[in-house]
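Structural overview for review
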Amino acid sequence: MKTLIKYYDKDVLKNISAPLALKPEKIIFFYDNGIQDMIWFHSLKKCFKHTMPNVVMEHISLDILNMVEIYSKTKKALEENEDCAMEFTGGSELMLIAGFKAGASKGVPLYYTDLVKGIILDLAENKPVVNVPKIKLQHFMDARGACLMGYSHKEPLEKRYDDILNMCDVLFNDINHWKTTSNFIQIVAARFSSHEMYMKSKIEATQKNGKKVTPDKKILYAFQKFGFIKDLKITKENVSFYFNSIMDKQYVINYGIWLELFVYIHAKQSCAFDDVWLGALIDWNAYDASRMAGNEIDVVLSDQSMPVFISCKLRSADAAAVNELMIEKKRIGGWFSKGILVAFGRDKQEKTATYLRAKEFGIEILDAKDILSANFAQRLIKIVKEHDLNSLKWKKV
């Protein structure tokens, strides 16, 4: 097979999975003539170039409600191109009907991609032909027309994983004291330049609302024990210490980053996922001459070529968090993506309204009980692998 004929679809995976698996020399997309922005096809070609640098790509418009036109243009493409095959994952209903008629009349191979199972089927024999290759998150973003601008947090070195997880254990098991300690550190750090590594203050700091906060000694000593600060000195009146590095300073002064680090490290150590990103800054439109991050996504995974978007909240889940994750999931991943909200509340245990709303939208939740368990990595893997896209077909999502 040298030429693959497809019908363009708004779902990215429907457009890229079969070409990346079958690797034709030429790809022809038929698309709705209502599409005016040709950047969609430029984005697809950019994705294909990673693994098929010499691929030729054409796109042909048609009226998706005109079966005669769909049939005749498809038949013409089959006659004018060498060694053709057709793949029917994507496109409108009438495209599939007319296209199948044209392909069957010419006796060319007819394929369909089961994206959930990750296989391409020969429709004539209903047998698997090839597995869909694992698609990297970067290639997926290229095909979507989005751009990874960078990361809001620098990924920790692998040698620091144990220190971070040990610190997470301290903070998560004393979350209230961590909240006040974090408030204290942020107030004091704001008095110094961003590159200042030394911090000294009275033992009490005043918040904007006038309330006094003091740091928890146990938490500060834990930061020193696990290598985030050094030379810690605490008296009845004062506290002082040095941050070990700029990265350590960013971690220590950020209240919520510890849950993001916790999820990221467990995902990386599990070796269960193809890609893992931390704090990805996404520009939704890479071609609008404006480099602006539309969203920061706490953790992004790739599971069998499907993107998994994870939002981390070191507090209880709420409707706003669910809605935000739902928008991110649909905007980048479309139907064939997964969303998980990791929140430090009791939403899943108590079946709260937020939990029920998330389930209705196809968003999975891991709560404090999961976070504090001894097997969080296994729970994360389980909820990703068992998230059933087929069960959502007839839900109002």
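Preceding this section is the structure that the text describes.
The following paragraphs examine the structure supplied in this document. Values in this document were obtained by computation on a predicted structure and should not be read as measured data. Within every chain, residues take consecutive numbers counted from 1 along the sequence as written. The model is predicted, so local features are restricted to residues of pLDDT at least 70 and side-chain atom pairs to those at 80 or more, both for listing and for counting; the totals for chains, interfaces and linings are taken over all residues. In computing side-chain properties, one takes all heavy atoms of the structure into account and sets aside hydrogens as well as water.

For the protein, the helix and strand inventory stands at 15 helices and 18 strands. Overall, the protein is about 90 × 45 × 35 Å in size when its C-alpha atoms are taken along their principal axes. Exposure classes here rest on a 1.4 Å probe applied to the protein chains alone. A residue is buried below 20% of its type maximum, exposed above 50%, and partly exposed in between. Counting across all 397 residues of the protein, residues that qualify as buried make up 51%. In these tables, accessible area is a Shrake-Rupley quantity obtained with a 1.4 Å probe, and a residue counts as shielded only by the protein chains included in the view. Accessible surface computed for the protein: about 18,800 Å², of which carbon and sulfur atoms make up 51%. Asp and Glu are treated as the negative residues and Lys and Arg as the positive ones, with His and the ends of the chain left uncounted. By convention, the charge on Lys lies at NZ, on Arg at CZ, on Asp at CG and on Glu at CD. When the 56 positive and 49 negative side-chain charges of the protein are each reduced to one mean point, those points stand 4 Å apart. Under the DSSP-based scheme used, a helix requires at least four consecutive residues in state H or I and a strand at least two consecutive residues in state E, with every element numbered from the N terminus.

Here strand 16 (residues 306-313) lies mainly inside the structure; eight of its eight residues are buried. Alternating residues of strand 16 divide into Met306, Val308, Ile310 and Cys312 and Pro307, Phe309, Ser311 and Lys313, and every residue in both groups is buried. The sheet contact formed by strand 15 (residues 295-303) and strand 16 spans five bridges and is antiparallel. Counterpart to Ser302 in the pairing with strand 16 is Pro307. As consecutive antiparallel partners, strand 15 and strand 16 are separated by two residues, and within that stretch Gln304 has a phi angle of approximately 50°, a positive value. In this scheme, strands are said to pair when DSSP sees at least two bridges between them.

Turning to its location among the elements, Gln349 is positioned in helix 12 (residues 347-350). A sequence separation of 256 residues divides Gln349 from Glu93, and the C-alpha atoms of the two residues are 42 Å apart. Any two residues having at least one pair of non-hydrogen atoms within 4.5 Å are treated as being in contact. When near neighbours in sequence (up to four residues on either side) are disregarded, Gln349 contacts Asp367 and Lys369.

Before going further, it helps to spend a moment on the environment of Met167. Looking at the element boundaries, Met167 is found in helix 6 (residues 161-172). Counting along the chain gives 56 residues from Met167 to Phe223, while the straight-line C-alpha distance between them is 7.0 Å. Non-local contacts of Met167, meaning those with residues more than four positions away in its chain, are made with Ile219, Ala222, Phe223, Phe226, Phe228 and Trp258.

For the rest of this paragraph, the subject is the pattern of salt bridges. Whenever Lys or Arg places a side-chain nitrogen within 4 Å of a carboxyl oxygen from Asp or Glu, that contact is recorded as a salt bridge. The full count for this structure, using the stated rule, is 20 salt bridges. The salt bridge involving Lys134 is made with Asp274; its shortest N-O contact spans 3.5 Å. Placement of Lys134 in the loop between strand 7 (127-131) and helix 5 (137-144) and of Asp274 in the loop between helix 10 (257-270) and strand 14 (275-283) is noted, with a sequence separation of 140 residues between them. Residue class for Asp274 comes out partly exposed when judged on its relative accessible area of 28%.

The next thing to look at is a nonpolar patch on the surface. Residues qualify for a patch when their relative accessible area is over 30% and they have no salt bridge, like charges being joined within 9 Å and the nonpolar side chains of Val, Leu, Ile, Met, Phe, Trp and Tyr within 5 Å. Taken together, the side chains of Phe100, Tyr112 and Leu123 define a hydrophobic patch exposed on the protein surface, amounting to about 260 Å² of accessible area. In this fold, Tyr112 is placed in strand 5 (residues 110-114). Here Tyr112 falls in the partly exposed class, since its relative accessible area comes to 36%.

Before going further, it helps to spend a moment on the sheet that holds strand 6 (residues 119-122). Backbone-to-backbone hydrogen bonds pair the strands of a sheet. The strands run either parallel or antiparallel. A sheet is described by the order of its strands in space; here seven strands give the open sequence 3-2-1-4-5-6-7, paired in mixed fashion. Each edge of the sheet is formed by a strand with only one pairing partner; in this case those strands are strand 3 (56-62) and strand 7. Looking at each pair of strands side by side, their axes are set apart by 30° on average, direction ignored. In this fold helix 1 (residues 12-22) packs onto strand 1 (3-7), strand 2 (26-32), strand 4 (84-87), strand 5, strand 6 and strand 7, with an angle of close to 165° to the strand it touches most, strand 1. Interaxial angles span 0 to 180 degrees and are taken between N-to-C directions of axes, which are lines fitted to C-alpha atoms, for helices over the stretch in contact.

Closest axis-to-axis distance for the helix 1/helix 5 pair is 10 Å, and the angle between their directions is 120°. On the basis of their axis angle, the class for helix 1 and helix 5 is oblique. Pair helix 1 / helix 5 crosses with right-handed handedness. Residue-level inspection shows Val12, Leu13 and Ile16 of helix 1 in contact with helix 5, the latter providing Phe140, Ala143 and Arg144. In terms of residue class, the contact of helix 1 with helix 5 is made up of five nonpolar, no polar and one charged. Geometric relationships in this document are graded by angle, where less than 35 degrees denotes roughly parallel, more than 145 denotes roughly antiparallel, 65 to 115 denotes roughly perpendicular, and other angles denote oblique. Here a crossing is taken to be left-handed if its near helix is turned anticlockwise relative to the far helix by less than a right angle, and right-handed if that turn runs clockwise. Classification used: nonpolar for Ala, Val, Leu, Ile, Met, Phe, Trp, Tyr, Cys and Pro, charged for Asp, Glu, Lys and Arg, polar for all others including Gly.

Time to look at the packing of helix 6 against helix 8 (residues 217-225). Remark: helix 6 packs on helix 8, axes separated minimally by 10 Å, with the N-to-C direction vectors making an angle of 175°. Between helix 6 and helix 8, the angle falls in the class roughly antiparallel. Mapping the contact onto sequence places Met167, Val170 and Leu171 in helix 6 and Ile219, Ala222 and Phe223 in helix 8. Residue composition of the contact of helix 6 with helix 8, grouped by class: six nonpolar, no polar and no charged.

Strand order in the open sheet formed by three strands is 9-13-12, with antiparallel pairing between adjacent strands. Each end of this open sheet is capped by a strand with a single partner; those strands are strand 9 (198-202) and strand 12 (229-234). When the angles between neighbouring strand axes are averaged without regard to direction, this sheet yields 10°. Here four bridges tie strand 12 to strand 13 (residues 238-243), and the two strands are oriented antiparallel to one another.

The next point concerns the side chain of Asp122. Looking at the element boundaries, Asp122 is found in strand 6. For the buried Asp122, which has no salt bridge, the nearest side chain bearing the opposite charge is Lys127, at an N-O separation of 9.1 Å. A distance of 2.9 Å separates the side chain of Asp122 from the backbone nitrogen of Ala124, its partner in a polar contact. With near-sequence residues (within four places) excluded, Asp122 lies in contact with Leu110, Tyr111, Lys127 and Val129. In protein, a polar contact requires one atom able to donate a hydrogen and another able to accept it; more generally it is a pair of N or O atoms within 3.5 Å, and residues adjacent in sequence count only if both atoms are side-chain atoms.

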